[in-house]
Amino acid sequence: MQNTVLDQNNELLSGLSKSLISGSLSDRNILAETDKYPTISILPDAFVVKIGGQSFIDRGRSAVFPLIEEIGENLDTHKMIIGTGGGTRARHGYSVGLDLGLPTGVLSVLGTFVSMQNARMIHYLLAKHGIPFIEPVQFPQLPLYLAERGAAVFFGMPPYTFWHENPAIGRIPPHRTDTGSYLISEVFGTKDMIFIKDEEGLHTADPKKDRNAKLISKISVAELKALDLQDVIVERPVLDMMENAKNRRSIRIINGLVKGNLTRALNGEDVGTLIYAD
C-alpha cells in the first residue's frame, strides 16, 4: 500500500519538482529551470509611492500637507501603497551608532524605527480617509486594505534588521527605504514605482550644490551606471535589483513639492525622471 502511494505521488511530480526534491538548490541548471514561467502580478492596479524622509518629510508642514491633500484627491481613482523614508533622524542615529562601534545589522534596526515614526505620522495625517498603517506581517492583507480604503501606509525600511548584509564600503546599511519600497513594487507586481523627492528628478550632479547640474528625463540602468555619477537620487541597490527584476523594471522620480506632479505620475504622464532596465 505504501509503495502504491509513493508511486502515485511520483506521478504527480513534474520534472522540475523531481529535480528540486532530489537535487541541490545551488545547482545552476536546476535554478535556471525555475524561471520557465513568468511570475504573476499580484496587485497590478496599485502604485507604490515612496515619500522621501530627508528630501521631503523633514521639510515639515509646508511640504507634507499639500502632498497629503493630493493623495486624498486621488484615492477614488488610484490605489496607493505609501512608503516612508527615515531622513535626518535616521542619519543621526547612524552617526551615533557608528561612533559607538555598532555593526551594520544594529544600525539597520535604528533606521527601521525612524522610518516607522515617519510612516505613523503620514498615517495619522491620512486617518480621516481611513488609511491604515501596516507592518510587514500585515502585507498579506494588502488586497483587502486597498479594496476597502484605496491605500495603506508602511515604513520603507526592509525588515532585514540584524540579518542585514554588510556593505562593500563602510557600515551604513545599503538596503534602506528606497530599496524596501522598490521591493514591494517588484514582489507585488504593482503598476508603477514612484519616488517623491524635492528635486525634479535625476541630475548629472546634485542640483543643490551644482548650478550647472542638468536634469536627465529618461535613462537606462546601464547608461546610468556607465556615467558613474558621484551621487544618484535613489539608493544604488535599487538599480542593481532592477537588472534582475521580473515585474518592476522601471521607476519614476518626481518633485513632490510641485502641486499636481503626483497626480500626473499616477495618470501615466511623463513627469520627472524615468529610469528603466534594458
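Residues numbered from 1 in each chain as written. Predicted model: local features only at pLDDT ≥ 70, side-chain atom pairs only at ≥ 80, totals over all residues. Heavy atoms only, no water.

Novice: How should I be thinking about the side chain of His 123 in this particular structure?
Specialist: Position of His 123 among the secondary structure elements: in helix α6 (residues 104-125). Dropping the residues within four chain positions of it, His 123 is found in contact with Ile 131, Pro 132, Phe 133 and Val 153. (Helix = DSSP H or I, 4+ residues; strand = E, 2+ residues; numbered from the N terminus. Contact = heavy atoms within 4.5 Å.)

Novice: Can you help me understand the nonpolar core in this one?
Specialist: For soluble globular proteins, the rule of thumb is that nonpolar side chains tend to be buried together. Ranked by internal contacts, the top residues of the largest apolar core, which has 34 residues, are Ile 51, Ile 71 and Ile 196. Counting residues per element, the ones that place at least two in this core are β1 (46-51), α4 (61-73), β2 (79-84), α5 (88-99), α6, β3 (151-155), β4 (192-197) and α11 (261-266). Apart from the residues within four sequence positions on either side, Ile 196 is in contact with Val 49, Lys 50, Ile 51, Gly 52, Ser 55, Phe 56, Leu 67, Ile 254, Gly 256 and Leu 262. Phe 195, Leu 239, Ile 253 and Ile 275 belong to the second largest nonpolar core, which has 33 residues in total. (Core = buried A, V, L, I, M, F, W, Y, C linked by side-chain atoms within 4.5 Å. Buried < 20%, exposed > 50% of the residue type's maximum accessible area, 1.4 Å probe, protein only.)

Novice: Mind showing me how you'd approach the side chain of Ser 55 here?
Specialist: By the element assignment, Ser 55 lies in the loop between β1 and α4. Looking at Ser 55, the relative accessible area reads 15%, which means it is buried. Contacts of Ser 55, omitting those with residues within four sequence positions, involve Ile 196, Lys 197 and Asp 198.

Novice: Explanation requested: the environment of Ala 205 in the structure shown.
Specialist: Tracing the sequence through the fold places Ala 205 in the loop between β5 (202-203) and β6 (215-216). The exposure class assigned to Ala 205 is partly exposed, which follows from its relative accessible area of 23%. Separated by 68 residues in sequence, Ala 205 and Thr 273 have C-alpha atoms that sit 14 Å apart.

Novice: Teacher, can you tell me more about the packing of aromatic side chains here?
Specialist: The geometry of an aromatic ring pair is captured by the separation of the ring centres together with the interplanar angle, meaning the angle of the planes. Scanning the entire structure with this criterion turns up 4 aromatic pairs. Arranged with centres 6.2 Å apart and planes meeting at 65 degrees, the rings of Phe 162 and Trp 163 form a pair that is edge-to-face. An identical accessibility class is assigned to Phe 162 and Trp 163; each is exposed. Cation over ring: Lys 218 sits above Tyr 276, and NZ or CZ is 5.7 Å from the ring centre. (Phe/Tyr/Trp six-rings, centres within 6.5 Å; stacked < 30°, edge-to-face > 60°. Lys NZ or Arg CZ within 6 Å of the ring centre and 35° of its normal.)

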